[in-house]
Amino acid sequence: MCGIIGYVGQRPALPILIEGLRRLEYRGYDSAGVALMERGKLQISKSAGRISVLEQMLDMQAKPKAGIGHTRWATHGAPTDVNAHPHTDASGRIAVVHNGQIENDRALRTYLERQGVEFRSDTDTEALAHLISRFYQGNLEQAVRQALHEISGAYAIAVVCSDEPDVIVAARNGGPLLIGVGKGEHLVASDPAAILSHTTQVVYMSDGEMARITPDHVHMTTLDAIPVTREIEEIEWGLEQIELDGYDHFMLKEIHEQPEALQDCLRGRIEARSGSIHLGGLVDCTRELTRARRFILTGCGTAWHAALVGEYLFEELIRTPTETEYASEFRYRNPVIDDGTVVIAVSQSGETADTLAALVEAKQRGALTLGVVNVVGSSIARETDSGVYLHVGPEIGVASTKAFTAQVAVLAMMACYLGRRKHLSPAAASQFITALEQIPKQIAEILERAGDAKVVAERYAGFENWLYLGRGYNYPVALEGALKLKEISYIHAEGLPAAEMKHGPIALIHEGMPVVVIATSGSQYDRITNNIAQVRARGGSIIAIATEGDRQIAKMAEHVLYVPDTPEPLQPLLTVIPLQLIAYHAAVLRGCNVDKPRNLAKSVTVE
Ligand code: F6R
């Protein structure tokens, strides 16, 4: 999705803006641009395509010490040079970069055209630039404020004006924005990754807030000019977390980070001996949570798959009715919510528009809301009544990997925490936690045999259709395995609860078709081996994910990828790892851009 970076200080701004744009690349974009403040005039450079194309247009020795930059993900208008941001007013005096969507764009455009404004682009953002210009009377902050009162929709913006060469005005309403604090300099960005190499001190802006940013000062107010005071916070991440560190791709790095990431996620939260779980975010609402009559888990994509594992965990351990809902459906379908309903939003980025909207809807209807979120200070984290962070560091690869396992781990801890306050015995909780404690080490064991998944990918990467089958806790993992494969290798894959196969999809199976079956030990084992036999009878090639020591399965499958033994509710944390690796290697073998798959963005902040 779109990204914003801005700099005002003592150093040449351009290299800082370009580096920031590069660090925003992972979010997905189709054009990029910068505006530099040069001797009382703005110098705008922008182009469709990669940042390297933009760079060719720039004089990297340029001296200006303030500017703004943007990576655009096309929504209003095609990804062309002219639609790229920044957008300027007619005089070229004011430039705007904008994430989000202005809803009354049509009406604004019509109004401005009637006033004689000629539009050059198809974007909603250009209307904002013209509007600010109409209000400008020597005070950029004031002009932006007046313009924003005419705007409806979601936005994060940074605005500069050639008459005020060391001022950036930023505003936020529905898109992330933070201000980086340095010595004699400030940065503004939509993502901490963009500024991390310059400062770890940040001020997170909230919806409905504006900031006038100069090298030495930040003046924050509400849109209605009421002063706002915010604490400076420290970004927890290190620079190494947003760099490749010797790996070919962020996705591979993040797959391999999972033992450590899960360790970070569990650290200080579980205690096997006493069977207790400490989740600071739940302390104040534990009473309400244990009394809840219903849980609704909501999210999108991979986060939705993690939520589905959560549904199984919650019902088994807490014994409270739980449903998983696509956030995009929930927000529009007039859901029944009463004060006994708890809605839990699951999201890596904390910025996914559908999940955020579902949450707002749930809150308005009186539900207690919780977040299971990775990005600290993100919109969902702020909007929820309470929640539990993943603490797995930034996830840069577009395909979510370590966030999935951490989301499942957090939901498992929540289930055990609340289960203990209801029906779960201390002994059962202690057993569960002991098994959970082993997970990071067990993931490391699977990763030691990562080459096995590569062999599978080499054998089947040429097939255009794959099936993924699972039952019980491994049904969501089958969905997740299929999603991983399609999103990065562009192979069509379908995930199914294995028993559903006979109701239609079995017709797809043909000689040699790769069918990944999660057939780990447990209550579903006999049923799933039965499904394997059904696939084999129709010529499908079985790639089984099985529990170490299961020799029987080797007789039924072309390939077996083994995972260590763990209780069924925790199996998704292990069985997903070989599926992430298969998808990764298949994508590499097919020459796909693993970290930036076509048509996809890291964080989907538009509907
Ligand atoms: C798939 C993937 C997406 C995200 C989804 C939700 O690998 O990354 O399906 O899981 O867009 O994103 P978050 O978790 O940021 O809300």
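Definitions and cut-offs
Residues numbered from 1 in each chain as written. Predicted model: local features only at pLDDT ≥ 70, side-chain atom pairs only at ≥ 80, totals over all residues. Heavy atoms only, no water. Buried < 20%, exposed > 50% of the residue type's maximum accessible area, 1.4 Å probe, protein only. Helix = DSSP H or I, 4+ residues; strand = E, 2+ residues; numbered from the N terminus. Pairing = 2+ DSSP bridges. Axes fitted to C-alpha atoms, helices over the stretch in contact; angles between N-to-C directions. Contact = heavy atoms within 4.5 Å. Near = heavy atom within 4 Å. Polar contact = N/O pair within 3.5 Å; in protein donor to acceptor, adjacent residues only side chain to side chain. Areas by Shrake-Rupley, 256 points an atom, 1.4 Å probe, with all protein chains shown as cover. 1 Å grid on protein atoms, 1.4 Å probe; cavity = no way out; pocket = protein on both sides within 12 Å on 5 of 7 lines; lining within 4 Å. Sits in = over half its atoms within 2 Å of the grid points. Nonpolar A, V, L, I, M, F, W, Y, C, P; charged D, E, K, R; others polar. Parallel < 35°, antiparallel > 145°, perpendicular 65-115°, else oblique. Expected span 1.5 Å × (residues − 1).

Describing the pairing of strand E6 (residues 94-102)
Look at any regular strand and the pattern is simple: side chains alternate between the two faces of the sheet.
Thought 1: With respect to burial, E6 is a largely interior element, seven of its nine residues being buried.
Thought 2: Examined bridge by bridge, strand E5 (residues 87-88) and E6 share two bridges and lie antiparallel to one another. Bridge pairing links His87 to Val96 in E6.
Thought 3: Count of turn residues in the E5/E6 antiparallel hairpin: five residues, of which Gly92 carries a positive phi of about 75°.

Re the sheet that holds strand E18 (residues 322-326)
Thought 1: Taken in spatial order, the five strands make up an open sheet running E18-E17-E19-E20-E21, and their pairing is parallel. Sheet topology places E18 and strand E21 (386-389) at the edges, where each strand pairs with a single neighbour. The average angle at which neighbouring strand axes cross in this sheet is 20°, direction not considered.
Thought 2: The sheet contact formed by strand E17 (residues 294-299) and strand E19 (residues 341-347) spans five bridges and is parallel. Each residue of the ladder has a partner; that of Ile296, found in E19, is Val343.
Thought 3: Sheet strands touched by helix H13 (residues 402-420): E17, E19, strand E20 (368-373) and E21. Its angle to E20, the strand with the most contacts, is close to 140°.

A few points about the site of the ligand
Thought 1: The ligand sits among 14 residues. The nearest are Ser347, Gln348, Ser349, Thr352 and Glu487.
Thought 2: Contacts to the ligand include Thr302, whose backbone N or O atom sits 3.1 Å from an oxygen atom.
Thought 3: Contacts to the ligand include Val398, whose backbone N or O atom sits 3.2 Å from an oxygen atom.
Thought 4: In isolation the ligand has 410 Å² of accessible area, and contact with the protein removes 90% of it.
Thought 5: For the ligand, the cavity whose grid points lie within 2 Å of the majority of its atoms is the second largest pocket.
Thought 6: Looking at the shell around the ligand, the elements that each hand over two or more residues are helix H9 (301-317) and helix H16 (475-489).
Thought 7: Here the residues of the shell around the ligand are counted per class, giving five nonpolar, seven polar and two charged.

Observations concerning the packing of H13 against helix H18 (residues 572-589)
Thought 1: Between H13 and H18, the shortest axis-to-axis distance is 10 Å and the interhelical angle comes to 170°. Looking at the two axes, H13 sits roughly antiparallel to H18. On H18, the residues that touch Phe404, Thr405, Val408 and Ala409 of H13 are Pro572, Leu573, Val576 and Ile577.
Thought 2: Here the residues of the contact of H13 with H18 are counted per class, giving seven nonpolar, one polar and no charged.

Notes on H18
Thought 1: Helix length check: H18, at 18 residues, gives a terminal C-alpha distance of 26 Å against a target of 26 Å (1.5 Å per residue), a fit within 8%.
Thought 2: With 16 of its 18 residues buried, H18 lies for the most part within the structure.
Thought 3: Looking one or two residues past H18, Gly591 carries a phi angle of roughly 75°, positive in sign.

Re the sheet that holds strand E9 (residues 178-181)
Thought 1: The strand order across the open sheet built from eight strands is E3-E2-E4-E1-E10-E9-E11-E14, with neighbouring strands paired in antiparallel fashion. Unpaired on one side and paired on the other, strand E3 (41-48) and strand E14 (233-234) mark the two borders of the sheet.
Thought 2: Here strand E2 (residues 31-38) runs beside strand E4 (residues 66-72); their pairing, made up of six bridges, is antiparallel. Within E4, the position partnered with Gly33 by the bridge is His70.
Thought 3: Sheet strands in contact with helix H1 (residues 13-24) are strand E1 (3-8), E2, E4 and strand E10 (186-189), and its direction is about 160° off that of E1.

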